Protein chains: 4
Amino acid sequence: MRPNTLPTNHAPEAPAPSRLESFSDGVIAVIITIMVLEFKLPPEPGPRAFITHVIPTLAVYLLSFTYTGIYWINHHHLVNRLKRVDAPILYANLLLLFCLSLLPFATSYVLSEKFNSFSVAVYAGELFLSGLGFVVLSAAVTRHFHRTGTANPVNLATQKAEGRKGFLSLALYALAMPLAYWHPSIAAANIVLGTGLWIVPGFMLPVSRHSESAD
Amino acid sequence: MRPNTLPTNHAPEAPAPSRLESFSDGVIAVIITIMVLEFKLPPEPGPRAFITHVIPTLAVYLLSFTYTGIYWINHHHLVNRLKRVDAPILYANLLLLFCLSLLPFATSYVLSEKFNSFSVAVYAGELFLSGLGFVVLSAAVTRHFHRTGTANPVNLATQKAEGRKGFLSLALYALAMPLAYWHPSIAAANIVLGTGLWIVPGFMLPVSRHSESAD
Amino acid sequence: MRPNTLPTNHAPEAPAPSRLESFSDGVIAVIITIMVLEFKLPPEPGPRAFITHVIPTLAVYLLSFTYTGIYWINHHHLVNRLKRVDAPILYANLLLLFCLSLLPFATSYVLSEKFNSFSVAVYAGELFLSGLGFVVLSAAVTRHFHRTGTANPVNLATQKAEGRKGFLSLALYALAMPLAYWHPSIAAANIVLGTGLWIVPGFMLPVSRHSESAD
Amino acid sequence: MRPNTLPTNHAPEAPAPSRLESFSDGVIAVIITIMVLEFKLPPEPGPRAFITHVIPTLAVYLLSFTYTGIYWINHHHLVNRLKRVDAPILYANLLLLFCLSLLPFATSYVLSEKFNSFSVAVYAGELFLSGLGFVVLSAAVTRHFHRTGTANPVNLATQKAEGRKGFLSLALYALAMPLAYWHPSIAAANIVLGTGLWIVPGFMLPVSRHSESAD
């Protein structure tokens, strides 16, 4: 992985993103699978008990898995633009992982409360937090490009467009919180829209659509 | 891991499969070990209580571990053919991981229900889902080879043969679902056969048997 | 990752730190997320029950996550200085991981005991242990530099300064244990100070501040 | 990680051990930390309840952590000799991981049974199984060296010596099972001896002691 000889300059180089990636992968792997532990055997045999007790948990798990998966894919594309990482990027990444790790709980909560106004507002709040974590990480990446002089025009344009996409999501999630008290299903539509923007990683990012998704 | 200099073309390259691998490894590592948490100390000391309470859980765990291990090995060989990944491959991989993560629960269920018809059908259904996830991922890999012009004859032949093997498994699992209502043990034979095809990664794949397994 | 040809000298080389990194990342990923399992749905619906039951667990989780995150970042910088690892480094690393894995429990304990003297002393003791684990690992790294002749002046100076920082933390934590019986909040101030030294990885390390943090 | 150009021979190369390593690291990371979940808050405050309820769990955890850590280090050195992996190696590795994952449970069992004869025999049996898994993996590695013509004299000598060490451990564990019915503490001495052989990875391996441990 690293050459056995000493580098010509004696100072150790800033770390490559490989460890940020493997740590994030480990944390997200635990987050994405931890809800499997919630699956309990139904109290009685037969299809009826199976459907009543297993299907709702399965739906919650699928929702949480999908959401976390979308974040993982976008994290993957964001970090792939980096050659080196610095401390602000590492801390912003920890912030994002912290926010994401609350998602399984928020998903359980909104479903156990049967989508009442407060629980939908809590769920929108958690999505707002995770979105904020991503925007902060993306800003730390942009700052790194500028400070190290490694900013090429394509990466900067991608970062700028991704920032706009991030703020649009944040606005949709923030709006969903008061809307949950007016009508939860309109808030839910906001939430779905705010997340749907991120399903295709290159959506709204004209340049990288060519180079990243269609490659 | 990555060179410090800017690439000559400014657009970031499509990501290498290293992160898909490390994320999948993390998720499968959690899936494969999560059933250890189900091991409970027997309620009383001595060999009898040990055998009655520990051995059945151990059998379930061994079954689930083996099945997940076979999937990991075949996933390993499939991803090893790739140089780059795109968004459809990442999503197909998430789908496969989701399906696989339900396996420990399905295994517990079929054993707690003592192999009655419905539970065997549920188990076959879960194997059908996981098999479908693998076929979808394999199709995304083939599509990637064609779109990027990186398809060499050996890889394409391997993919095609693996696709046939996948559909054969799916047919066996699909057949097992109605058969479970006729006679569970015949359904179980279908299931064992459908999975047994995958124990040797190169089985039914004439070319790669030389290059992958016997290397 | 490794070339297919045999190396010119027949003895296998000492391992690169890549596996130490990926194993540590896996263990720390489990440690940092394991407290999510402590989140329980509140016993009744509505904001009041949410605030009473969820917010304290959230605070504990945030504290434990932050602390573990700071360790991960400093571990990252320490291991980044290495080209090869030896058995003492591997064992010192296991010791550090063991100490860190007790942190979620110690955090739960100090909060469930409402910061009484004994629990604060236990918490300071756990931080002392983790700090000791880090100092031992750092010493194993310095010893490795000397034994293999791979010590360059910059790395040695960084190691020496990091050692001083480590001993300062240890002194603060050790002092916090008896202070907890005099006044817990003064002990808590010691703890915060001892940990705060490590937030910026390059703090008190004049050379690497340039090359690591500001890169 | 992999070059973008096609290799000159069209067949995909046998996979490098990087994924075997990262998967094993993930599984062992979960195994080694899973016992943290067993830590329960003591039922009442104060030092007495802390010592009565926490210290025994801590001792069990430390024992299981140490044992798993020793296996991880030896696994690390074994896999470091490999350039490529084949299917038998992957399956032997899964077998070893399965055996290791039963260790936390066996450790809990022997302590909850207060070291009575049967529980010590169960514990020795689990260590025998894990040792067998390691010997099988080591044999798969030796077979791979012979079949691929990548066997150099140093690696073969190391493998042979490691095999002898493995069989010595197995004999000690096997002997511990009947001895547990005669006198548990003599069986325990056998167990400690059989494991102690592996603390220094290069012990009884004359060549690699130079190149691996003292590097």
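See above for the structure.
Values in this document were obtained by computation on a predicted structure and should not be read as measured data.

Calculation criteria
- Residues numbered from 1 in each chain as written.
- Chains lettered and ligands numbered in written order.
- Predicted model: local features only at pLDDT ≥ 70, side-chain atom pairs only at ≥ 80, totals over all residues.
- Heavy atoms only, no water.
- Patch = residues over 30% accessible without salt bridge, like charges linked within 9 Å, V, L, I, M, F, W, Y side chains within 5 Å.
- Areas by Shrake-Rupley, 256 points an atom, 1.4 Å probe, with all protein chains shown as cover.
- Salt bridge = Lys/Arg side-chain N within 4 Å of Asp/Glu carboxyl O.
- Lys, Arg positive; Asp, Glu negative; His and termini not counted.
- Charge placed at Lys NZ, Arg CZ, Asp CG, Glu CD.
- Helix = DSSP H or I, 4+ residues; strand = E, 2+ residues; numbered from the N terminus.
- Buried < 20%, exposed > 50% of the residue type's maximum accessible area, 1.4 Å probe, protein only.
- Polar contact = N/O pair within 3.5 Å; in protein donor to acceptor, adjacent residues only side chain to side chain.
- Contact = heavy atoms within 4.5 Å.
- Phe/Tyr/Trp six-rings, centres within 6.5 Å; stacked < 30°, edge-to-face > 60°.
- Lys NZ or Arg CZ within 6 Å of the ring centre and 35° of its normal.
- Buried area = accessible area lost by both parts, 1.4 Å probe.
- Nonpolar A, V, L, I, M, F, W, Y, C, P; charged D, E, K, R; others polar.
- Core = buried A, V, L, I, M, F, W, Y, C linked by side-chain atoms within 4.5 Å.
- 1 Å grid on protein atoms, 1.4 Å probe; cavity = no way out; pocket = protein on both sides within 12 Å on 5 of 7 lines; lining within 4 Å.
- Points joined across faces, edges and corners; volume = space filled by probe spheres on them.
- Least-squares fit on C-alpha atoms with pLDDT ≥ 70 in both.
- Axes fitted to C-alpha atoms, helices over the stretch in contact; angles between N-to-C directions.
- Parallel < 35°, antiparallel > 145°, perpendicular 65-115°, else oblique.
- Left-handed = near helix turned anticlockwise from the far one by under 90°.

1. A word on a positive patch on the surface
Alright, step 1. Positive charge collects at one region of the surface, where A:Lys40, B:Lys40, C:Lys40 and D:Lys40 lie side by side.
Alright, step 2. Mapped onto the elements of the fold, B:Lys40 is located in the loop between α1 (18-33) and α2 (47-80).
Alright, step 3. Overall, B:Lys40 belongs to the exposed group, its relative accessible area being 58%.

2. Considering the side chain of A:Gln159
Residue and element names in this part refer to chain A.
Alright, step 1. By the secondary structure assignment, Gln159 is in helix α6 (residues 153-182).
Alright, step 2. Here Gln159 falls in the buried class, since its relative accessible area comes to 3%.
Alright, step 3. In terms of polar contacts, Gln159 uses its side chain to reach the backbone carbonyl oxygen of Ser138, at 3.0 Å.
Alright, step 4. Once you skip the residues sitting within four places of it in the chain, Gln159 turns out to touch Leu78, Arg81, Ser138, Val141, Thr142 and Phe145.

3. A word on the packing of aromatic side chains
Alright, step 1. According to the stated counting rule, one finds 52 aromatic pairs over all chains in the structure shown.
Alright, step 2. Taking the centre distance of 4.2 Å and the plane angle of 15° together, the rings of A:Phe23 and C:Trp72 count as stacked. Remark: C:Trp72 occurs in helix α2 (residues 47-80) and A:Phe23 occurs in helix α1 (residues 18-33); the pair is interchain, linking two chains. For the residue pair A:Phe23 and C:Trp72, the accessibility class agrees, reading buried in each case.
Alright, step 3. Here the guanidinium or amino end of B:Lys165 rests over the ring plane of B:Trp198, the centre of that ring lying 4.5 Å away.

4. Considering the interface of chain A and chain C
Alright, step 1. The interface of chain A with chain C comprises 45 residues on the first partner and 53 residues on the second.
Alright, step 2. Here chain A and chain C share an interface that buries about 4,400 Å² over both sides, 70% of which is from carbon and sulfur atoms.
Alright, step 3. Our count for the contact surface shared by chain A and chain C stands at one salt bridge.
Alright, step 4. The salt bridge involving A:Arg19 is made with C:Asp25; its shortest N-O contact spans 2.7 Å.
Alright, step 5. Applying the counting rule to chain A against chain C returns five residue pairs in polar contact (both at pLDDT 80 or more).
Alright, step 6. Among the secondary structure elements, those contributing two or more residues to the side of chain A that touches chain C are α1, α3 (87-101), α4 (103-112) and α5 (117-148) of chain A.
Alright, step 7. Residue contributions to the side of chain A that touches chain C peak at eight residues, all from α1(A).
Alright, step 8. Among the residues forming the side of chain A that touches chain C, the class breakdown is 27 nonpolar, eleven polar and seven charged.

5. Points about the nonpolar core
Alright, step 1. Counting 239 residues, the largest nonpolar core has A:Phe23, B:Phe23, C:Phe23 and D:Phe23 as its most contacted members.
Alright, step 2. Leaving out residues up to four positions away in the same chain, A:Phe23 has contacts with A:Leu94, A:Leu97, C:Asp25, C:Ile28, C:Ala29, C:Ile32 and C:Trp72.

6. Topic: a nonpolar patch on the surface
Alright, step 1. A cluster of nonpolar residues, B:Leu168, B:Ile199, B:Val200, B:Phe203 and B:Met204, forms a patch on the protein surface that exposes about 400 Å² of accessible area.
Alright, step 2. Locating B:Val200 in the fold gives a position in the loop between α7 (184-196) and α8 (206-213).

7. Some thoughts on empty space enclosed by the protein
Alright, step 1. By the definition in use, this model includes nine cavities of 30 Å³ or more.
Alright, step 2. Estimated volume of the largest cavity: approximately 170 Å³.
Alright, step 3. In this structure, the largest cavity is lined by 14 residues; those nearest its centre are A:Val30, B:Val30, C:Val30, D:Val30 and D:Leu37.
Alright, step 4. Sorting the residues of the lining of the largest cavity by element identifies α1 (18-33) of chain C together with α1 (18-33) of chain D as the ones contributing at least two each.
Alright, step 5. Of the residues contributing to the lining of the largest cavity, the split by class is twelve nonpolar, two polar and no charged.

8. A word on the relation of the copies chain A and chain B
Alright, step 1. Here chain A sits on chain B after a turn of 90° about the axis and a move of 0.0 Å along it, with an RMSD of 0.0 Å. Taken together, these values place the two copies in the relation of a four-fold axis. For chain A, the smallest separation between a C-alpha atom and the rotation axis is recorded for A:Gly26, amounting to 3.9 Å.

9. Quick look at the relation of the copies chain A and chain C
Alright, step 1. Taken as rigid bodies, chain A and chain C are interconverted by a rotation of 90° and an axial shift of 0.0 Å, the fit giving an RMSD of 0.0 Å.
Alright, step 2. With a heterologous cut-off of 20% or less, the 11% of interface residues of chain A that recur at the interface of chain C puts this contact in the heterologous class.

10. A few points about helix α4 (residues 103-112) of chain C
Alright, step 1. For α4(C), a buried count of eight out of ten residues is recorded, marking the element as mostly surrounded by other parts of the structure.
Alright, step 2. Considered for burial, the residues of α4(C) that qualify are C:Leu103, C:Pro104, C:Phe105, C:Ala106, C:Thr107, C:Ser108, C:Tyr109 and C:Val110.
Alright, step 3. Contact partners of the buried residues in α4(C): α1, α2, α3 (87-101) and α5 (117-148) of chain C together with α2 (47-80) of chain D.
Alright, step 4. At the exit of α4(C) stands C:Lys114, carrying a positive phi of roughly 50°.

11. Regarding the interface of chain A and chain B
Alright, step 1. In this complex, chain A contributes 54 residues to the contact, which on the side of chain B involves 45 residues.
Alright, step 2. At the junction of chain A and chain B, the tally comes to one salt bridge.
Alright, step 3. At the junction of chain A with chain B, the criterion picks out five residue pairs in polar contact (both at pLDDT 80 or more).
Alright, step 4. Only α1, α2 (47-79), α6 and α8 (206-213) of chain A provide two or more residues apiece to the side of chain A that touches chain B.
Alright, step 5. Examining the composition of the side of chain A that touches chain B, we find that 15 residues originate from one element, α2(A), more than from any other.
Alright, step 6. Class assignment of the residues belonging to the side of chain A that touches chain B gives a composition of 31 nonpolar, 14 polar and nine charged.

12. Things to note about the packing of α1(A) against α1(B)
Alright, step 1. Relative orientation of the contacting elements α1(A) and α1(B) amounts to 40°, with a least axis distance of 8 Å. Considered as vectors, α1(A) and α1(B) are oriented oblique to each other. By crossing handedness, the relation of α1(A) to α1(B) is classed as right-handed. Residue-level inspection shows A:Glu21, A:Ser24, A:Asp25, A:Ile28, A:Ala29, A:Val30, A:Ile32 and A:Thr33 of α1(A) in contact with α1(B), the latter providing B:Arg19, B:Ser22, B:Phe23, B:Gly26, B:Val27, B:Val30 and B:Ile31.
Alright, step 2. For the contact of α1(A) with α1(B), the residue count by class is eight nonpolar, four polar and three charged.

13. Notes on the packing of α5(A) against helix α7 (residues 184-196) of chain A
Residues and elements named next belong to chain A.
Alright, step 1. Two numbers describe how α5 lies on α7: the axes approach to 10 Å, and their chain directions differ by 15°. The pairing of α5 with α7 is recorded here as roughly parallel in orientation. As α5 runs across α7, the sense of the crossing is left-handed. Only Pro184, Ala187, Ile191 and Thr195 of α7 make contact with α5, whose side of the interface consists of Ser117, Val120, Tyr123, Ala124 and Leu127.
Alright, step 2. For the contact of α5 with α7, the residue count by class is seven nonpolar, two polar and no charged.

14. Some words on the pattern of salt bridges
Residue and element names in this part refer to chain C.
Alright, step 1. Across all of its chains, the model carries twelve salt bridges over all chains by this definition.
Alright, step 2. With a closest N to O distance of 3.2 Å, Arg81 and Glu162 form a salt bridge. Highlighted residues: Arg81 in the loop between α2 and α3 and Glu162 in helix α6 (residues 153-182), separated in sequence by 81 residues.
Alright, step 3. The buried category is assigned to Glu162, whose relative accessible area is 3%.

15. Section: the environment of B:Leu63
Residues and elements named next belong to chain B.
Alright, step 1. Along the chain, the position of Leu63 falls in helix α2.
Alright, step 2. A residue is classified by how much of its surface remains accessible, and Leu63, at 40% relative accessible area, is partly exposed.
Alright, step 3. In this structure the C-alpha to C-alpha distance between Leu63 and Thr107, which are 44 residues apart in sequence, comes to 7.7 Å.

16. Quick notes on the environment of B:Gly26
Alright, step 1. Relative to the helices and strands, B:Gly26 is located in helix α1.
Alright, step 2. C-alpha separation for the pair B:Gly26 and B:Lys114, spaced 88 residues apart in sequence, amounts to 32 Å.

17. Thoughts on unusual backbone geometry
Residue and element names in this part refer to chain C.
Alright, step 1. Backbone geometry at Lys114 places phi at a positive 50°, although glycine is not the residue there.
Alright, step 2. Summarising the element assignment, Lys114 is placed in the loop between α4 and α5.
Alright, step 3. For Lys114, a relative accessible area of 70% corresponds to the exposed category.

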